[in-house]
Amino acid sequence: MATNGLARTLSSLRPAGDQRPWPRYAAEAALWTEIGQRLGAGEGDLLALWGEPQFVHLALRAPDLVKPCVVSIAVRNGQFPSIGRYHAPAIRLERAIHDLYGHVPGNTPDDRPWLDHGAWGLSAPLGKRKRSPLRDPAEYKFLRVAGHGMHQIPVGPVHAGIIEPGHFRFTVNGEHVARLEQRLGYVHKGIDGLLIDTDIETAARIAARVSGDSTVAYSFAFAAAVEAALDIEAPPRAQALRGVMAELERMANHFGDIGAICNDASFVIAHAHCGIFRERVLAAADQAFGHRLMMDAIVPGGIAADISPDGVRTIRTMLDDVAPHFAEIIQLYDDTPSLQDRTCTTGIVGKDLVAKWAAGGHVGRASGRDFDTRRDLTYAPYDKVKFDVPAFTAGDVDARVWVRIREVEQSMRMLRHWLKAMPSGSVRRKLPVTRKAAEGIAMTEAFRGDVFVWVRVADGRIAQAHARDASWFQWPLLEAAIEGNIVADFPLCNKSFNCSYSGHDL
Amino acid sequence: MRTLLLKSLFARPVTIDAPSPEDAALAEIGRELEKRARKLFGRSLTIREVDAGSCNGCELEIHALNNAIYDVERFGIKFAASPRHADVLMVTGPVSKNMKVALERTYAATPAPKWVIAVGDCACGCGVFAKSYATVGAVDKVVPVDLHIKGCPPRPIDLLKGLVALMDKATAS
């Protein structure tokens, strides 16, 4: 991955827009394509790819770049050169851009619709919006799988549990999965559209609901992006409390996931205990911040309200209470071969795939991609606290469980640090109103991986914004993880990924 | 494993441990719920949850009904995998247009008598996603709704209260 070709290509581009803290450049077709080829050759990570009515933007990072950056291309004759042609992780993003804005990725390897199921009565709702006849949602060309004894199992969109909707098309040979193809987009709510020309307060509430389980991470990234655009910083006390909320959210989700994975292997005792741990965290969050999931608690400029007077004590008591019990359950996980028989060597994702897709969170870190936004693109309050980033190489369900276990321990460590040395002072500052359009970008580490938010602020309002969930680069790897595994292990694989449908479908 | 089981023999149930006003409310609602569920359904009320475009916040709290703290099965209420087995549909989300057909089909697949609970602000039509090209709005624009439980997301305790209210309604009709 270490060549400086990508940096050289970028150095020949001219700056565009007023974007902070990463630069934005304008590219013409030839250099845009070259960037796609270099990403395809493994010279950098694709961070995001999104549209607006006249442009397509691409965010990337590379080892030889000081900072990540954004490259923009103007759409000409309704087209832009496909990145997905050279770099597969871009394909679904380009299909989404096409469905929302109508921009055609030239020479794309996959021109099927993605978010547009033919139910909107519109084509290109955020671009040159046109009335469009309704299509039968079943009209979708799944990839063909041929071979002796192959048969298909269609699952969803309504699944068997209390989970989000999506369609999984399994082609199996006996018990073994030959191919899984996902069809997503069922919970598309038009979030990028709702964010256009919106007051900042409303936009923050929408951003907080991109994926409910990561509401803190999204509010955090949205607030940080707006603050970057306005060139301000949240007060130190707000920064520390944002960290507290983010780590509480991570703990709650990891407890839920660890339990649910064990449950899918019929190891119900771990599930029951992890459910209780999760409740303890949510109850403490409720007590400290007034909402179990801490929704809308982080706002641009700081946080909505200071921690309650007994909040610090409540969280500390919860940590003291949960930590020893959690250690016992982990011991139990480690000491139960029948459970590990299900999780070890199941659903392996290779190091090459997580590197290519720049997969974040437990999916990347279980397969040797040692990246964590909190450390590698650090932001307050993580720049002033010590923590380890656990990484494993087995790439199986078990490794994804261990990433979560070790992260819970690190979260507890950080929480104790912040609770002991909480800065004093105000928790929110007023946002300045700037006439001139300014752009801000921010990434935070949600429990499942990196969340990316880009905003353009003008006249004290959000002009345009985009949010990209970690799931975009994890869902495709789930298709790879299940290949060759038995159907019965799919729930385990799926739960060990726990991708967001809502965060992906937007 | 053995130590854990041994400990469990002497541990108090988490459900009634450390009473607080919230827990007292839970126990009270629970008893009320059990009485009515038994009368109406012979202690068997089955719910099918349908996410029709939610952000997944509501799902997290509905999930919590099944944990050891809220343990909704005590009251004879359980969640089923198929609408064929359900008495109640709990529907979340602003009904994305991409989920409308699936919701209609799930409703059609649920045998009568059936009740629908719209869970959360989005499902009640007052959420942040109501005014989008991609959403229908409220659940009652797609299937008849018997009860609305507001909240973003509603707390598990509110969901339990809602189930009591539904029992009232079902008994009356």
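All values reported here derive from a predicted model rather than from experimental measurement.

**Focus: the pattern of salt bridges**
All names here are of chain A. This model, assessed by the stated rule, comprises 44 salt bridges over all chains. Taking the shortest distance from any N to any O, the salt bridge between Glu 34 and Arg 38 comes out at 3.3 Å. Linking Glu 34 with Arg 38, this pair stays in helix H2 (residues 29-40), spanning four residues, or about one helical turn. Its relative accessible area of 25% is what places Glu 34 among the partly exposed residues. For Arg 38, a relative accessible area of 18% translates into the label buried. Arg 205 is the salt-bridge partner of Asp 296, the closest N and O atoms lying 3.1 Å from each other. In this pair, Asp 296 is assigned in the loop between helix H8 (268-289) and strand S15 (298-299) and Arg 205 in helix H5 (residues 200-207), connecting sequence segments 91 residues apart. A relative accessible area of 37% places Arg 205 in the partly exposed class. What emerges from the salt-bridge pattern is a single network uniting Glu 247, Arg 250, Arg 365, Asp 372, Arg 374, Glu 407 and Glu 445.

**Notes on the packing of aromatic side chains**
For the structure on display, the rule yields 17 aromatic pairs over all chains. Where A:Tyr140 meets A:Phe142, the ring centres are 5.0 Å apart and the plane angle is 75 degrees; that geometry is what we call edge-to-face. Among the residues examined, A:Tyr140 registers a relative accessible area of 10% and is labelled buried. Taken together, A:Phe168, A:Phe170, A:Trp475, A:Phe490 and A:Tyr501 form an aromatic cluster joined through their ring pairs. Seen from the ring of B:Phe129, A:Lys189 lies directly overhead, with NZ or CZ sitting 5.4 Å from the centre. Positioned above the aromatic ring of B:Tyr107, the side-chain terminus of B:Lys114 is 4.0 Å from the ring centre.

**Considerations on helix H4 (residues 97-109) of chain B**
Residue and element names in this part refer to chain B. Taking 1.5 Å of rise per residue, 13 residues should cover 18 Å, and H4 covers 19 Å from first to last C-alpha, within 8% of that figure. All of the buried residues along H4 are Asn 98, Met 99, Ala 102, Leu 103, Thr 106 and Ala 109. For H4, the buried positions fall inside an angular range of 125 degrees around the axis, keeping them on one side. Buried positions along H4 lie against strand S1 (45-51) and strand S3 (88-92).

**Let's talk about the pairing of strand S19 (residues 461-468) of chain A**
Burial of S19(A) is extensive: six of the eight residues sit out of reach of the surface. What sits between strand S18 (residues 449-458) of chain A and S19(A) in their antiparallel hairpin is a turn of two residues, with A:Asp459 showing a positive phi close to 55 degrees.

**Regarding the interface of chain A and chain B**
Across the boundary between the two partners, chain A contributes 53 residues, which contact 47 residues of chain B. Together, the buried faces of chain A and chain B total about 3900 Å²; carbon and sulfur atoms form 64% of this surface. Viewed at the interface, chain B and chain A are joined by two salt bridges. Residues A:Arg292 and B:Glu61 are paired through a salt bridge, measuring 2.5 Å at the closest nitrogen-oxygen approach. Counting across the chain A and chain B interface gives 19 residue pairs in polar contact (both at pLDDT 80 or more).

**A word on the sheet that holds strand S17 (residues 438-446) of chain A**
Residue and element names in this part refer to chain A. In space, the five strands of this open sheet follow the order S2-S17-S18-S19-S14, with mixed pairing throughout. Edge positions in the sheet fall to strand S2 (19-20) and strand S14 (198-199), since each has one partner strand and no second. With two bridges joining them, S14 and S19 adopt antiparallel strand pairing. Paired with Asp 199 across the bridge in S19 is Arg 461.

**What about the packing of H8(A) against helix H9 (residues 311-334) of chain A?**
The axes of two packed helices give the description: the angle between them and the distance between them. Residues and elements named next belong to chain A. Across the interface, H8 lies against H9 with an axial gap of 9 Å and an inter-helix angle of 170 degrees. Taken together, the axis directions place H8 and H9 in an arrangement best described as roughly antiparallel. Taken together, the residues of H9 that come into contact with H8 (itself represented by Ile 269, Ala 270, His 273, Cys 274, Phe 277, Arg 280, Val 281, Ala 284, Gln 287, Ala 288 and Phe 289) are Gly 311, Thr 314, Ile 315, Met 318, Asp 321, Val 322, His 325, Phe 326, Ile 329 and Leu 332. A breakdown of the residues in the contact of H8 with H9 according to their chemical character gives 14 nonpolar, five polar and two charged.

Scoring rules and cut-offs
- Residues numbered from 1 in each chain as written.
- Chains lettered and ligands numbered in written order.
- Predicted model: local features only at pLDDT ≥ 70, side-chain atom pairs only at ≥ 80, totals over all residues.
- Heavy atoms only, no water.
- Salt bridge = Lys/Arg side-chain N within 4 Å of Asp/Glu carboxyl O.
- Helix = DSSP H or I, 4+ residues; strand = E, 2+ residues; numbered from the N terminus.
- Buried < 20%, exposed > 50% of the residue type's maximum accessible area, 1.4 Å probe, protein only.
- Phe/Tyr/Trp six-rings, centres within 6.5 Å; stacked < 30°, edge-to-face > 60°.
- Lys NZ or Arg CZ within 6 Å of the ring centre and 35° of its normal.
- Expected span 1.5 Å × (residues − 1).
- Arc of directions from axis to C-beta.
- Contact = heavy atoms within 4.5 Å.
- Pairing = 2+ DSSP bridges.
- Buried area = accessible area lost by both parts, 1.4 Å probe.
- Polar contact = N/O pair within 3.5 Å; in protein donor to acceptor, adjacent residues only side chain to side chain.
- Axes fitted to C-alpha atoms, helices over the stretch in contact; angles between N-to-C directions.
- Parallel < 35°, antiparallel > 145°, perpendicular 65-115°, else oblique.
- Nonpolar A, V, L, I, M, F, W, Y, C, P; charged D, E, K, R; others polar.

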